[in-house]
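# Geometric and topological summary
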Amino acid sequence: STILVLHGPNLNMLGSREPEVYGYETLADIDDRLRSRAAEQGHHLLHLQSNAEYELIERVHEARAEGVDFIIINPAAFTHTSVALRDAMLASGIPFIEVHLSNVHAREPFRHHSYFSDIAKGVICGLGSQGYDLALQAALKRIHR
Ligand code: DQA
C-alpha cells in the first residue's frame, strides 16, 4: 500500500527552527527514516512539505486519484486556521493521523484548537519526531494490503 506524509508550513526549517521546541532532526532525516521503515514492510511512502496551502490541498486531491491508502499529516500552523485543507481531507475520504512534534495543548491557547482532530483516526502530539514513527506503525496496522 501507499502512505502519504504531508508536512505543513515552516517544517522545512526543522533542525534549526526553535530546536528546544521542535528538536534537532531535519525533515529529511524524518522522511528518510519513515520511507525505509515503510519499505522494510513492503509499503510505498511518499512525502511532501509545503509552505503553501493550495499545494497541500492539491496534493490531497491527487492522493485520492492515486489510490493513497493512508495519510500522516502535520498541518503545522494550518492546523489552527485551514477550513480549506480540512475540507480537502474530508473530500479525499482517505483515513489519516494528525501529528504534532510539540504538545500543542501545553502552548498558546490558539494552538489548542485543531480543524483536523475531530475527523482524524487519531492524533499524536508532544512526542517529537517519534510521533511520526508511531503514526506510521499505527497506519500500517490499519492497512492490510
Ligand atoms: C506544530 C504545532 C503548530 O502549532 C505549529 O504552528 C507548527 C508545528 C508541531 O508539529 O508541533 O508549525 O504542528
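Residues numbered from 1 in each chain as written. Predicted model: local features only at pLDDT ≥ 70, side-chain atom pairs only at ≥ 80, totals over all residues.

Under the convention used in this document: UniProt positions are given in the numbering used here, feature names are shortened, and annotations may be inferred rather than shown by experiment.
The name given to the chain in an unreviewed UniProt entry is 3-dehydroquinate dehydratase, and the organism recorded there is Marinobacter metalliresistant. Taken directly from UniProt, the Pathway (unreviewed entry) text for the chain runs: "Metabolic intermediate biosynthesis; chorismate biosynthesis; chorismate from D-erythrose 4-phosphate and phosphoenolpyruvate: step 3/7." UniProt, in its Sequence similarities (unreviewed entry) section for the chain, records the words "Belongs to the type-II 3-dehydroquinase family."

### Remarks on the site of the ligand
Basically, it comes down to this: A residue counts as near a molecule or strand when its C-beta atom, positioned from the backbone, falls within 6 Å of it. Charged residues are taken to be Asp, Glu, Lys and Arg, nonpolar residues to be Ala, Val, Leu, Ile, Met, Phe, Trp, Tyr, Cys and Pro, and polar residues to be all remaining types, Gly included.
Asn 10, Asn 74, Ala 76, Ala 77, Thr 79, His 100, Leu 101, Ser 102, Val 104 and Arg 111 make up every residue found near the ligand. Taken together, the residues of the shell around the ligand break down into four nonpolar, five polar and one charged.

### What about the UniProt feature "site: Transition state stabilizer" (unreviewed entry) in the chain?
Applicable threshold: Here exposure depends only on C-beta density: within 10 Å of a residue's C-beta, 20 or more other C-beta atoms make it buried, 12 or fewer make it exposed, and intermediate numbers make it partly exposed, the C-beta atoms being placed from the backbone. It is the C-beta atoms, placed from the backbone, that decide contacts: two residues are in contact if theirs lie within 7 Å.
Mapped onto this structure's residue numbering, the UniProt feature "site: Transition state stabilizer" (unreviewed entry) falls at Arg 17. Residue Arg 17 is classed as exposed on the basis of its C-beta count, with 12 C-beta atoms lying within 10 Å. Contact partners of Arg 17, with chain neighbours within four places excluded, come to Asn 10 and Tyr 22.

### Topic: unusual backbone geometry
Convention followed: Runs of E in the DSSP output that reach at least two residues are strands. Runs of H or I that reach at least four are helices, and both are numbered from the N terminus.
Even without being a glycine, Asn 10 presents a positive backbone phi close to 75°. Residue placement: Asn 10 occurs in the loop between strand 1 (2-7) and helix 1 (19-22). Take Asn 10: there are 14 C-beta atoms within 10 Å of it, and that puts it in the partly exposed class. Even without glycine at this site, Glu 18 takes up a positive phi of about 30°. Position of Glu 18 relative to the elements: it lies in the loop between strand 1 and helix 1. Classification of Glu 18 by C-beta neighbours within 10 Å gives exposed; the count is 11.

### Description of the nonpolar core
A general trend in soluble globular proteins is that nonpolar side chains are found buried together. Filter applied, for reference: Here a nonpolar core is just a set of buried residues of the types Ala, Val, Leu, Ile, Met, Phe, Trp, Tyr and Cys, joined wherever their C-beta atoms sit within 7 Å.
Ile 3, Ile 71, Ile 72, Phe 96, Ala 135 and Leu 136 are the most contacted members of the largest nonpolar core, which totals 35 residues. At the level of secondary structure, the elements contributing two or more residues to this core comprise strand 1, helix 2 (27-40), helix 3 (53-66), strand 3 (70-74), helix 4 (83-92), strand 4 (96-100), strand 5 (122-125) and helix 5 (130-142). Not counting chain neighbours up to four residues away, the residues in contact with Ile 71 comprise Leu 4, Leu 6, Ala 63, Ile 94 and Phe 96.

### Remarks on helix 4
The following threshold applies: The directions from the helix axis to the C-beta atoms form the arc being described.
Listed as buried for helix 4 are Leu 85, Ala 88, Met 89 and Ser 92. Buried residues of helix 4, seen end-on, are gathered within an arc of 100° and therefore sit on one face of the element. Opposite the buried face of helix 4, by more than 90 degrees, sit the exposed residues Val 83, Leu 90 and Ala 91. Taken together, the buried residues of helix 4 touch helix 3 and strand 4. Directly after helix 4, the chain includes Gly 93, whose backbone phi takes a positive value near 70°.

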